[in-house]
Amino acid sequence: MAKEENNKGTSMLATLKQELSKEKQEEVVATEINPTFSQPKIQKPEPIDKEIELDPKRYIVSKTDPKGIIEYGNEYFVEISGYQEHELIGQPHNIIRHPDMPKIIFRLMWERISEGENIVAMVKNLSKSGRYYWVITDFDTKINKFTGEIESYYAYRKAAPKHAIKKIEPLYQKLLKIEKESGIEGARKYLVGYLETQNKTYDQFIEEITEVKGLAKFWFRAMKKLFGHK
Ligand SMILES: Cc1cc2nc3c(=O)[nH]c(=O)nc-3n(C[C@H](O)[C@H](O)[C@H](O)COP(=O)(O)O)c2cc1C
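Quick look at the overall build of the protein
When you go through the protein residue by residue, the secondary structure sums to seven helices and five strands. The 230 residues of the protein split such that 25% are buried.

Focus on unusual backbone geometry
For Asn-199, which is not a glycine, the phi torsion comes out positive at approximately 60 degrees. Mapped onto the secondary structure, Asn-199 falls in the loop between helix 5 (162-198) and helix 6 (202-210). Classification of Asn-199 as exposed rests on a count of 8 C-beta atoms within 10 Å.

Overview of the site of the ligand
In the neighbourhood of the ligand, 15 residues make up the surrounding shell, with Gly-68, His-93, Asn-94, Arg-97 and Ala-155 lying closest. No other element matches strand 5 (residues 150-159), which puts three residues into the shell around the ligand. Class assignment for the residues of the shell around the ligand results in seven nonpolar, six polar and two charged.

Some points on helix 4 (residues 103-113)
Burial in helix 4 covers these residues: Ile-104, Ile-105, Met-109 and Ile-113. Across the axial projection of helix 4, the buried residues extend over an arc of 160 degrees, all falling on one side. In the core, the buried residues of helix 4 are packed alongside strand 3 (121-126), strand 4 (132-143), strand 5 and helix 5.

What to know about the packing of helix 5 against helix 6
The geometry of helix 5 relative to helix 6 is characterised by a closest axis approach of 7 Å and an angle of 150 degrees between their N-to-C directions. The orientation of helix 5 with respect to helix 6, classified from their angle, is roughly antiparallel. For helix 5 against helix 6, the interelement crossing comes out left-handed. Between helix 5 and helix 6, the contacting residues are Ala-164, Lys-167, Ile-168, Leu-195 and Gln-198 on the first element and Tyr-202, Phe-205, Ile-209 and Thr-210 on the second. Taken together, the residues of the contact of helix 5 with helix 6 break down into six nonpolar, two polar and one charged.

Comments concerning the nonpolar core
Counting residues in hydrophobic clusters, the biggest one holds 41 residues, and the most contacted among them are Ala-121, Met-122, Val-135, Ile-136, Ala-160, Leu-175 and Ile-206. Mapped onto this core, the elements with two or more residues apiece are helix 2 (75-81), helix 4, strand 3, strand 4, strand 5, helix 5 and helix 6. Setting aside chain neighbours within four positions, we find Val-135 in contact with Ile-60, Val-123, Asn-125, Arg-157, Lys-158, Ala-159 and Ala-160.

Some words on the sheet that holds strand 4
Across the sheet, which stays open at both edges, the five strands sit in the order 2-1-5-4-3 with antiparallel pairing between neighbours. Edge positions in the sheet fall to strand 2 (70-73) and strand 3, since each has one partner strand and no second. Averaged over all adjacent pairs, the angle separating strand axes in this sheet is 35 degrees, with direction ignored. Pairing of strand 1 (residues 60-64) with strand 5 involves five bridges; the strand directions are antiparallel. Bridged to Lys-63 within strand 5 is Tyr-154.

What counts as what
- Residues numbered from 1 in each chain as written.
- Predicted model: local features only at pLDDT ≥ 70, side-chain atom pairs only at ≥ 80, totals over all residues.
- Helix = DSSP H or I, 4+ residues; strand = E, 2+ residues; numbered from the N terminus.
- Buried ≥ 20, exposed ≤ 12 C-beta atoms within 10 Å, placed from the backbone.
- Near = placed C-beta within 6 Å.
- Nonpolar A, V, L, I, M, F, W, Y, C, P; charged D, E, K, R; others polar.
- Arc of directions from axis to C-beta.
- Contact = placed C-beta atoms within 7 Å.
- Axes fitted to C-alpha atoms, helices over the stretch in contact; angles between N-to-C directions.
- Parallel < 35°, antiparallel > 145°, perpendicular 65-115°, else oblique.
- Left-handed = near helix turned anticlockwise from the far one by under 90°.
- Core = buried A, V, L, I, M, F, W, Y, C linked by C-beta atoms within 7 Å.
- Pairing = 2+ DSSP bridges.

Such coordinate-based values are descriptive only and should not be taken to indicate function.
Next comes the structure, spelled out in structure tokens:
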């Protein structure tokens, strides 16, 4: 009997060892896919046409490293994303990228924030459930005082108003179509032309349609202060 127990123990240990080595192998594969962190790459959900209603009073904050790898997300970010905190940390921020978003918007965003500048953008995000939510975002770039190098990026978001979503959706659909037909630079040209006819920058256009003036601007500034910026 004792021998039988012992055999059972040995075989359990062997199974555990096998499991562990399987995990190790998976970790190696994941590291190869995503070399910055040893987080396994998460399978993206299939988008479904259902909106997540955001609380207009709450804010969504995340922080990334210079490559856009998530280092921190506040409670609301974790809740709305649908992922567990440990699933998010170490993942590229495009984990919540929605396929309805044109690439050119993220290109503009990176061009600005990597120069230490802000951009006020409207973004449709994808949650783990496949549902979507629209936000207005504001960014901050944290630069190391001594080296002058970028240490991290912060994004502050709040619910985008419904009337603004109605206005931006046709523009983003058009940009997506152009990207498919003639690439991201084609979409940039169209966007520049579109904004010229409005006599506005992208940010001014977003600020106008979302009414990010007065109170909302004050609110974004307060958020930044809370996180130790400007
Ligand atoms: C601080 C910060 C916040 C970001 N927030 C979002 C976000 O909410 N949604 C999103 O799709 N991309 C966000 N991005 C941009 C992603 O890193 C990525 O560029 C984008 O999702 C496009 O993905 P792709 O390059 O795989 O097409 C953020 C980047 C940074 C640095």
